[in-house]
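Examination of the molecular architecture
For reference, the chains in residue letters:
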Amino acid sequence: MANRPNRHKWGPRMKRWMVQAISRGKRWMGIVPESPSQVQIEITNRCNFDCVMCQRKDLGINFQDMPFDLFRQVLDRIPASTRTVCLTGWGEPTLHPDLLKMIQLTRDRGKLPIFTTNGVLLKGALGQEILDSGVHTVTFSLDSMDEEEGTLAHWEPAAVIRNVKEFVGRIREGSLPIRTGINTTLHASRADDVCGVIRFAGEIGIDQVSILRLDLRFQPTLRRYSQEEERSVLQRAHRLGRKHSVRVQSILSEHGFGGRFFTLFNRNCPKPFDYLYINWKGEVTPCCNLPTMNLQNILEQDLQQVWKGASLSRFRRKQRELCGKCDVLYYRYHPENLVNGTQDALSPKPS
Ligand code: SF4
């Protein structure tokens, strides 16, 4: 298991835990915070991969970069109390020619810049520049430790695994204050892949693994475990995380009793209660999974006004209707997404 630097000592962890607990407590009571704690900016929708479970081709989006000048204007309209800015849309951020400038500007504005990458370009000079850029968190998308596995999702796994090891190794060597994570998707019959990713994270010193549920709205051929099986796989993954000192996040950790209470026992999705998405045109939308649901262009109205405005309040009230079959953040599956029970019948038992 990798040595972890001082920032993992109890003081900062306790403080972070308390901030999260207060924010969750407010949400349980149905209190919409003053401003979203995280804003995600779609700096590009271009990508160098074509993963089977990615909805980017189904969401009606254009494959474009956000111009740097628009990015600057967007950033200036985000309230001071919003801490985290995620520089990722439905594309690969390292393809944006101004990514480094965007990270630095986000830091200069007193915010925490984070992004998610497939990692294939994160090596050599660019890797070093990112390390020096002031980025707060880099999250990698990785679905399997099988270096031959190229059919499932994120292609070129061998190159990605090599780059992740090198990048995280440089953080550890230099004791750099950069947090790291892995996003991994859970497919039926692939519990071992998720567990392999958690072990890998523990070995090289990655801070967090987030296990994402597949979105079946556009690719019904993707296979999920049945709900019972999903719960059992996730419990196993959380145990493994504790063993390897890796924080594991999943539907299970998001929906303890408090979370279920807040979501009115599966009637609300927690997303629009502390988060907003801004697409490459500067349009504010309630969620990355609804990138064309334009609430308001940020050049016409400050983010704070949109956050407290009538359109978003209406969205929160009518969420179930407006989000359709999306159930990626719910505790339970939406029954209509189980295709006549065939999902259950075809899903292998978790190993
Ligand atoms: S239900 Fe899905 S689309 Fe709707 S806010 Fe939640 S994550 Fe987004």
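Report follows, based on the coordinates. (Residues numbered from 1 in each chain as written. Predicted model: local features only at pLDDT ≥ 70, side-chain atom pairs only at ≥ 80, totals over all residues.)

Moving on, we get to the overall build of the protein chain. A count of helices and strands for the protein chain gives 13 helices and 10 strands. For the protein chain, buried positions account for 35% of its 351 residues. Sequence-distant contacts, at least 24 apart, represent 71% of the contacts inside the protein chain between residues at least 6 apart. (Helix = DSSP H or I, 4+ residues; strand = E, 2+ residues; numbered from the N terminus. Buried ≥ 20, exposed ≤ 12 C-beta atoms within 10 Å, placed from the backbone. Contact = placed C-beta atoms within 7 Å.)

Glancing now at the nonpolar core. Judged by nonpolar contacts, the single largest core of 62 residues is most densely connected at Ile-41, Leu-87, Ile-198 and Ala-237. Ranked by the residues each element gives to this core, the list is headed by helix α6 (residues 191-204), at 7 residues. Among residues more than four places away in sequence, those in contact with Ala-237 are Val-194, Cys-195, Ile-198, Ile-211, Val-248 and Ser-250. (Core = buried A, V, L, I, M, F, W, Y, C linked by C-beta atoms within 7 Å.)

We now examine the site of the ligand. Taken together, the neighbourhood of the ligand is formed by Cys-269, Lys-271, Pro-272, Pro-286, Cys-287, Asn-289, Leu-290, Cys-323, Cys-326, Val-328 and Leu-329. Looking at the shell around the ligand residue by residue, the class counts come to 9 nonpolar, 1 polar and 1 charged. (Near = placed C-beta within 6 Å. Nonpolar A, V, L, I, M, F, W, Y, C, P; charged D, E, K, R; others polar.)

Our next topic: the environment of Leu-121. Tracing the backbone shows Leu-121 in the loop between β3 (112-117) and α4 (124-131). Taking the C-beta count within 10 Å as the criterion, Leu-121 has 17 such neighbours and is therefore assigned partly exposed.

Looking now at the environment of Arg-199. Mapped onto the secondary structure, Arg-199 falls in helix α6. In sequence terms Arg-199 and Lys-243 are 44 residues apart; their C-alpha atoms lie 9.1 Å from each other.

Of note in this structure, Ser-175 is not a glycine but carries a positive phi near 45 degrees. Tracing the backbone shows Ser-175 in the loop between α5 (157-173) and β5 (179-186). Positive phi outside glycine occurs at Ser-245, with the angle close to 55 degrees. Following the sequence through the fold, Ser-245 ends up in the loop between α7 (227-243) and β7 (247-249). Residue classification places Ser-245 among the partly exposed residues on the basis of 14 C-beta atoms within 10 Å.

To continue, consider helix α3 (residues 99-108). Regarding α3, the residues found buried are Leu-99, Met-102, Ile-103 and Thr-106. Taken end-on, α3 shows its buried residues confined to a sector of 100 degrees, consistent with a single buried face. Each element contacted by the buried residues of α3 is listed here: α2 (68-76), β2 (84-86) and β3. Downstream of α3 by one or two residues, Gly-110 has phi in the positive range, about 80 degrees. (Arc of directions from axis to C-beta.)

Let's shift gears to the sheet that holds strand β8 (residues 275-278). The sheet built from 10 strands is open, its strands ordered β7-β6-β5-β4-β3-β2-β1-β8-β9-β10 with mixed pairing. Each edge of the sheet is formed by a strand with only one pairing partner; in this case those strands are β7 and β10 (296-297). (Pairing = 2+ DSSP bridges.)

The next point concerns the pairing of β5. Where strand β4 (residues 137-141) meets β5, 5 bridges bridge the pair, whose relative direction is parallel. If you follow Phe-140 over to β5, its bridge partner there is Ile-182. Pairing of β5 with strand β6 (residues 208-213) involves 6 bridges; the strand directions are parallel. Bridged to Leu-186 within β6 is Arg-213. Running through α6, the crossover from β5 to the neighbouring parallel element β6 is right-handed. (Right-handed = clockwise from strand over helix to strand, strands pointing away.)

Right, let's talk about the packing of α2 against α3 for a bit. Orientation of α2 relative to α3, taken along the N-to-C sense of each, is 20 degrees, at an axis distance of 11 Å. Judged on the interaxial angle alone, α3 and α2 are roughly parallel. In this structure, α2 meets α3 at a crossing whose hand is right-handed. For the pair formed by α2 and α3, the contact residues are Phe-68, Phe-71, Arg-72 and Leu-75 on the first element and Lys-101, Met-102, Leu-105 and Thr-106 on the second. (Axes fitted to C-alpha atoms, helices over the stretch in contact; angles between N-to-C directions. Parallel < 35°, antiparallel > 145°, perpendicular 65-115°, else oblique. Left-handed = near helix turned anticlockwise from the far one by under 90°.)

With that settled, the discussion passes to α6. The end-to-end C-alpha distance of α6, which contains 14 residues, comes to 21 Å, matching closely the 20 Å that a straight helix rising 1.5 Å per residue would cover. Among the residues of α6, Ala-191, Asp-193, Val-194, Cys-195, Val-197, Ile-198, Phe-200 and Ala-201 are the ones counted as buried. Looking at the buried side of α6, the elements it contacts are β5, β6, α7 and β7. Two residues or fewer after α6 comes Gly-205, characterised by a positive phi angle close to 90 degrees. (Expected span 1.5 Å × (residues − 1).)

One can find Ile-178 in the loop between α5 and β5. For Ile-178, a count of 20 C-beta atoms within 10 Å puts it in the buried group. Considering only alpha carbons, one finds Ile-178 and Ile-114, 64 residues apart in sequence, at a separation of 9.6 Å. Once residues within four sequence positions are removed from consideration, Ile-178 is found in contact with Leu-131, Val-135, His-136, Val-138 and Ile-171.

Two elements, β6 and β7, share 3 bridges in a ladder whose sense is parallel. Counted as the bridge partner of Ser-210 is Gln-249 from β7. For the crossover from β6 across α7 to β7, the handedness is right-handed.

By themselves, these figures tell us nothing about what the structure is for.
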